[in-house]
Amino acid sequence: MKAMIFSDLITSKNVAVQLLLVSVVICGFLAWGTNETIVGTAAMATMTPMMYLFSIFAYDEMNGWERFRLTLPITKRQVAYGRYISMLIIAVISLLAAWIVSFVFLAIVQACGGLGMSTELVNPDAFIAILDCGFAGFIFIIVLASLTLPLLMRFGMNKATRLLPLLVVVTVVLASVAIGNMSGAIDLTAIRTFLNENTGLIAAAACIVAAILYVASAFIAARLYQAREV
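These remarks concern the structure in this document. The numbering scheme is per chain: residues are counted from 1 as the chain's sequence reads. Predicted model: local features are reported for residues with pLDDT of at least 70 only, side-chain atom pairs are reported and counted for 80 or more only, and whole-chain, interface and lining totals are derived from all residues. The side-chain values count all of the structure's non-hydrogen atoms but skip hydrogen atoms and water molecules.

## Looking at the packing of helix H1 (residues 2-11) against helix H5 (residues 76-111)
Packed helix pairs are characterised by how far apart their axes lie and by the angle those axes make with each other. In plain terms, the rule: Note on geometry: axes are lines fitted to C-alpha atoms, helical ones only across the stretch in contact, with angles between N-to-C directions running from 0 to 180 degrees. Helix and strand assignments follow DSSP, with helices taken as H or I runs no shorter than four residues and strands as E runs no shorter than two, numbered in order from the N terminus. To sort the angles, those under 35 degrees are grouped as roughly parallel, those over 145 as roughly antiparallel, those from 65 to 115 as roughly perpendicular, and the leftovers as oblique. Crossing chirality is assigned from the near helix's rotation relative to the far helix, an anticlockwise turn below a right angle marking it left-handed and a clockwise turn marking it right-handed. Any two residues whose heavy atoms approach within 4.5 Å are treated as being in contact. Each residue receives one of three labels: charged for Asp, Glu, Lys and Arg, nonpolar for Ala, Val, Leu, Ile, Met, Phe, Trp, Tyr, Cys and Pro, and polar for the others, Gly being one of them.
Interaxial distance between H1 and H5 falls to 8 Å at its minimum, and their mutual angle equals 50 degrees. The angle between the axes of H1 and H5 places the two elements in the oblique class. Remark: the crossing between H1 and H5 carries right-handed chirality. Contacts between H1 and H5 pair Met-4, Ile-5, Asp-8 and Leu-9 from the former with Gln-78, Val-79, Gly-82, Arg-83, Ile-85, Ser-86, Ile-89 and Ile-90 from the latter. For the contact of H1 with H5, a count of residues per class yields seven nonpolar, three polar and two charged.

Have a look at this one:
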């Protein structure tokens, strides 16, 4: 499995660096245009892993690399697990990069007297907000990968991209119906108070749920990939 992880990271090294640089530029423009550093933080934490996810599967189907890889002393199960670990590594690197870039941008703005930007941006609470939004973006991308990777492992890049829009639409519709049915019984003020008072607890719970979902998804994807004719 270690060979699979290094294979993914080496194959996508140049692309990953380019994606990070593009994300840095987008992060800066979003923060400047919206007067909110956290917007750029969340975007950078999610964009690079998402683009990496589809890029690495696109590489698999180029020049028969996926078939050639299976002639090596590596099992399909190791391929699946290695892909999940490499995705996690890229997500962590993107999160750290998002935090670093956002803190540097915030420091420059504060050192230059705000540069005419909103006081919200130079507020001392912005430091905590950057940490929270970066972590939220990381959790989002882990959940997204948990839902997407089994489809990609089972059907490949070309076929899976036809099914992903259907998955997104069904998820959004079901979530909208559920929210609509519960909207009358939801006390938004109580929810905001609970979120503000239990941020740490919610973050820990989200991390645990995302980790469980990611591990379960890895087992499912491994089983699906074993059944796939490459």
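## Points about a nonpolar patch on the surface
The cut-off we apply is this: Residues with no salt bridge and a relative accessible area higher than 30% make up the patches, which join like charges within 9 Å and nonpolar side chains (Val, Leu, Ile, Met, Phe, Trp, Tyr) within 5 Å. All accessibility values rest on the Shrake-Rupley procedure with a 1.4 Å probe; residue burial counts only the protein chains present in the view. Put simply, a salt bridge is a Lys or Arg side-chain nitrogen that is within 4 Å of an Asp or Glu carboxyl oxygen. Remark: exposure states derive from per-residue accessible area (1.4 Å probe, protein chains only) relative to the maximum for the residue type, with buried under 20%, exposed over 50%, and partly exposed in between.
Taken together, the side chains of Leu-88, Val-92, Leu-96, Ile-100, Val-104 and Ile-108 define a hydrophobic patch exposed on the protein surface, amounting to about 490 Å² of accessible area. Inspection of the secondary structure puts Val-104 in helix H5. The exposure class of Val-104 is partly exposed, given its relative accessible area of 45%.

## Here we look at the environment of Ile-141
Position of Ile-141 relative to the elements: it lies in helix H6 (residues 126-182). Assessed through its relative accessible area of 1%, Ile-141 is described here as buried. The spatial distance from the C-alpha of Ile-141 to the C-alpha of Ala-210 is 9.5 Å, given a sequence separation of 69 residues. Discounting chain neighbours no more than four positions away, the residues touching Ile-141 are Thr-46, Pro-49, Met-50, Met-87 and Ala-91.

## Here we look at the side chain of Thr-48
Mapping Thr-48 onto the fold places it in helix H3 (residues 37-60). Beyond its immediate stretch of four places on either side in the chain, Thr-48 contacts Ala-16, Leu-19, Leu-20, Ser-23, Ile-90 and Ser-94.

## Overview of the side chain of Arg-228
For Arg-228, the location among the structural elements is in the segment after helix H8 (199-226). Judged by its relative accessible area of 11%, Arg-228 falls in the buried class. Aside from chain neighbours lying at most four places away, what touches Arg-228 is Glu-66, Lys-76, Leu-152, Met-153, Arg-154, Phe-155 and Gly-156.

## Looking at the packing of aromatic side chains
Under the convention used in this document: Aromatic pairing here means that ring centres of Phe, Tyr or Trp (its six-membered ring) are within 6.5 Å. Orientation follows from the plane angle: under 30 degrees is stacked, over 60 is edge-to-face, and everything else is tilted. Lysine NZ or arginine CZ positioned within 6 Å of the ring centre and within 35 degrees of the ring normal marks a charge as sitting over the ring.
A full pass over the atoms with the stated rule returns three aromatic pairs. Measuring from centroid to centroid gives 5.9 Å for Tyr-81 and Phe-219, while their planes differ by 80 degrees, and the two rings are edge-to-face. Of this pair, Tyr-81 sits in helix H5 while Phe-219 sits in helix H8, and the two are 138 residues apart along the sequence. In this structure Tyr-81 comes out as buried when scored by relative accessible area, which is 19%. When the ring centre of Phe-155 is taken as origin, the NZ or CZ atom of Arg-154, which lies over that ring, is 5.4 Å away.

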